[in-house]
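Here is what each chain is made of, one letter per residue.
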Amino acid sequence: MNRTLLGFIRKELTQTLRDKRMRVLLFVVPVIQLTLFGVALSNEVKNIRLVSVFPPGDAVMQKIHDRSIASGWFLPVSTQKVFSDPFELIRSGTADAVLVAPPGGLTRALGRGDAKLQLLLNAMNVIEAQAMESYVSAIVQRTILEDLRLDPPEPSIQVNSRVLFNPGLETAIFMVPATLAMVMIITTMVMTNNAIVREKEMGTFEMLISAPVSPAEVIYGKTIPYVILGMSNFPLILGVAVFVFGVPMRGSLLVLVLAAFAFVCTAVALGTLISTFCKNQQQATLAAFLFLFPMIMFGGLFFPIENMPVSIRWVAYLDPLYHYIGLLRNIMLKGGGHAYVGTHILALGLMALVSVVWSFRRFRTTL
Amino acid sequence: MAEQAVIVRDLTVRFGDFTAVDRISFEVGRGEIFGFLGANGAGKTTTIRVLCGLLLPSEGFVRVAGTGFEQGDRAIKTKVGYMSQKFTLYNDLTVEENLSFIASLRKLGSNFYVERRKELLEFISFDRSLGTPVRDLPGGTKQQVSLAAALLHDPEVVFLDEPTAGVTPASRNLFWKLIRKLAASGKTVFVTTHYMDEAEQCGRIALMREGRIIALDTPEDLKRSVFPGAVFEFDPKTPLSFAEVAAIEHLDLFTFFEPYGLRFHAAIRDGEDWNRARPELECKFNIRRIKPSLEDVFIKTVEGKKR
């Protein structure tokens, strides 16, 4: 290997690993972030305070209520106050959801064949309200089918959903791979970008290019070490994902490492490209923020890309996080289909290539 | 006859509309200590960067240690050493790590590197451990190690851009001993400085102003050509008010009248007028004839343009 390149790799690794803050950034922060986000980031709505309003002796309503509480999503509200108006329960903040039986009770209404159950929801948070609604309708369906062994009231379409790959619908299994990707891009891109800009700011960059080095030697010399460093914490955070959060590992580890490598190369290349536009570390930090937010938004971490308008979806396709999150979920949860994995690794590789070529065009060994 | 170490003809460097260096020409001989003086922004650093291959000239002919830009900037970079005014070692690496990184940048063979390192550390009388982090070195030592780093590949010409900015006077002295030793061993040293005592030690100096060389000669000849007439020092017997100083300054007697510490240095315009005015001035000042200092030359040519 080229002597200059080897010198660069040795120097960058020494500098990064000698710096205590960088060691923390590489090996402690990702674990903390992954744990924190894995626990906290959840689409599940729990502890919904539920009141069911029905006349005494309404057996079906009682069953629905009991099932709801038993599901673990709902909490019974013990209220001494008697509300004449169920709306008041929501408005006063006593309950998040109120189930109201039809006049005379649900049991009797079922007998008449026009069972209508009213659900009042506090929809201040739309996402929560949607979740509550789907929980309740699922419970009602199941009560009717399993407890009463009745044909459901009209419409008699049975929704027979089978949940694949994540049977418990556990959010962690879905969220942790995405969080892993996010944590990796933050450390890798920011670290690379800063490493280059710091040299410009300190004036060592001028010394560097006062030696007869080629642009390729400088660019590869400043990127290869950070690909190594970016991969160095991958086993650690993968371990946390698998052993702490129980994310399954259904695909091949080798394919997963390959995907991670493609992603780290892209992140490092992007960091390098951004650094060619920055003169000092303030600019570098700002630029990193400018890129990180949209990357996370379009990465499919919080909002499914499939729900976006087609034109916006193309923005997501340009987001390395989108490809990597897809790859991680696909490989870990589903086992990794050849076509899917191939396409997205290729997409990442292409982005890395474009960034490197663009960096070359912008890079000069003269001032 | 060996070619000159540096040949510059009609060098011009423009940044957009701004002309940083404006058609300058000069030559520097081998083994010479060549000084570059000028106010900040006069174009010294820009010129040095061109000569080091760091900046492409807009126009003009440049030849450094037998190479030019037609052979590419890297050809020049191989031949010259450069120590920039910013401190350019990595603080978080040790002396050995810094030098070895520079050796790998320049692709020096490892035997050559180890040999050269030993030589240079002896040259700068480095007596600490090679494993000392650069951060822990005193300012003067850091600067000497920087010099060693710039000399690692044994360049024929070395460019030092304000190498002694911000170090103690003792360290400056020591550093200039090294510069003289380098020149004595046949290296060409090209140095910029703001210190007049340092400029006095150069073989020849070029004064730059607004991108042009306005004077170029040995320190002695510069003084002679800038001050062809007699120069006197005026030492006030009692402290003078601004008004009194201004009144004397505006007498038509002087081509140059500038404060020098608590005293004044003055060059007279004409012998007869001077002889007539002298007795009156001697009531207020002790006047004695002096040799002009380089500072006077600098003030008169670079900064001042009075009368």
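Just so it is clear, the structure is predicted and the values come from calculations on it, not from any experiment. (Residues numbered from 1 in each chain as written. Chains lettered and ligands numbered in written order. Predicted model: local features only at pLDDT ≥ 70, side-chain atom pairs only at ≥ 80, totals over all residues. Heavy atoms only, no water.)

Colleague: How do you make sense of the sheet that holds strand β2 (residues 18-28) of chain B when you look at a structure like this?
Modeller: Strand pairing in a sheet takes place through backbone hydrogen bonds and is either antiparallel or parallel in direction. Residue and element names in this part refer to chain B. What the three strands build is an open sheet, ordered β2-β1-β4; its pairing is antiparallel. The strands lining the two open edges of the sheet, one partner per strand, are β2 and β4 (59-64). Across the sheet, the mean angle from the axis of one strand to that of its neighbour is 25°, orientation sign disregarded. One ladder, built from seven bridges, connects strand β1 (residues 6-15) with β2; its direction is antiparallel. When the sheet's bridge partners are listed, V8 is paired in β2 with F26. Running at roughly 115° to β1, helix α1 (residues 44-51) makes contact with β1, β2 and β4 of the sheet. (Pairing = 2+ DSSP bridges. Helix = DSSP H or I, 4+ residues; strand = E, 2+ residues; numbered from the N terminus. Axes fitted to C-alpha atoms, helices over the stretch in contact; angles between N-to-C directions. Contact = heavy atoms within 4.5 Å.)

Colleague: Explain the interface of chain A and chain B here, please?
Modeller: For an interface, size is often stated in terms of accessible area lost upon the parts coming together. Between chain A and chain B, the residue contacts involve 30 residues of the former and 29 residues of the latter. When the area that chain A buries against chain B is broken down by residue, the three leading residues are R3(A), M207(A) and P212(A), summing to 24%. Put simply, chain A and chain B have three salt bridges between them. The shortest N-O distance in the salt bridge between K107(B) and E217(A) comes to 2.5 Å. Linking chain A to chain B there are 14 residue pairs in polar contact (both at pLDDT 80 or more). Where the side of chain A that touches chain B is concerned, the elements lending two or more residues are α1 (3-18), α8 (171-202), α9 (204-209) and α10 (215-232) of chain A. Looking at the side of chain A that touches chain B element by element, the count peaks at nine residues for α1(A). Along the lines of polarity and charge, the residues of the side of chain A that touches chain B split into ten nonpolar, eleven polar and nine charged. (Buried area = accessible area lost by both parts, 1.4 Å probe. Salt bridge = Lys/Arg side-chain N within 4 Å of Asp/Glu carboxyl O. Polar contact = N/O pair within 3.5 Å; in protein donor to acceptor, adjacent residues only side chain to side chain. Nonpolar A, V, L, I, M, F, W, Y, C, P; charged D, E, K, R; others polar.)

Colleague: I keep staring at the packing of aromatic side chains and nothing clicks. Help me out?
Modeller: Two measures describe an aromatic ring pair: the distance that separates the ring centres and the angle between the ring planes. Overall, the coordinates contain 28 aromatic pairs over all chains when judged by the stated rule. An angle of 85° between the planes, with centres 5.9 Å apart, marks the rings of F205(A) and F363(A) as edge-to-face. Note that F205(A) is positioned in helix α9 and F363(A) in the segment after α16 (338-362), a separation of 158 residues in sequence. In this pair, the class of F205(A) matches that of F363(A), namely buried. Taken together, the ring pairs in this structure connect F232(B), F234(B), F254(B), F257(B), F264(B), W274(B) and F285(B) into an aromatic cluster. For the cation-ring pair, K11(A) lies above F101(B), with the distance from its terminal atom to the ring centre recorded as 5.0 Å. In this structure, R362(A) is placed above the aromatic ring of F277(A), and the distance from its NZ or CZ to the ring centre is 3.8 Å. (Phe/Tyr/Trp six-rings, centres within 6.5 Å; stacked < 30°, edge-to-face > 60°. Buried < 20%, exposed > 50% of the residue type's maximum accessible area, 1.4 Å probe, protein only. Lys NZ or Arg CZ within 6 Å of the ring centre and 35° of its normal.)

So, to be careful, I would describe these as geometric facts and stop short of saying anything about function.
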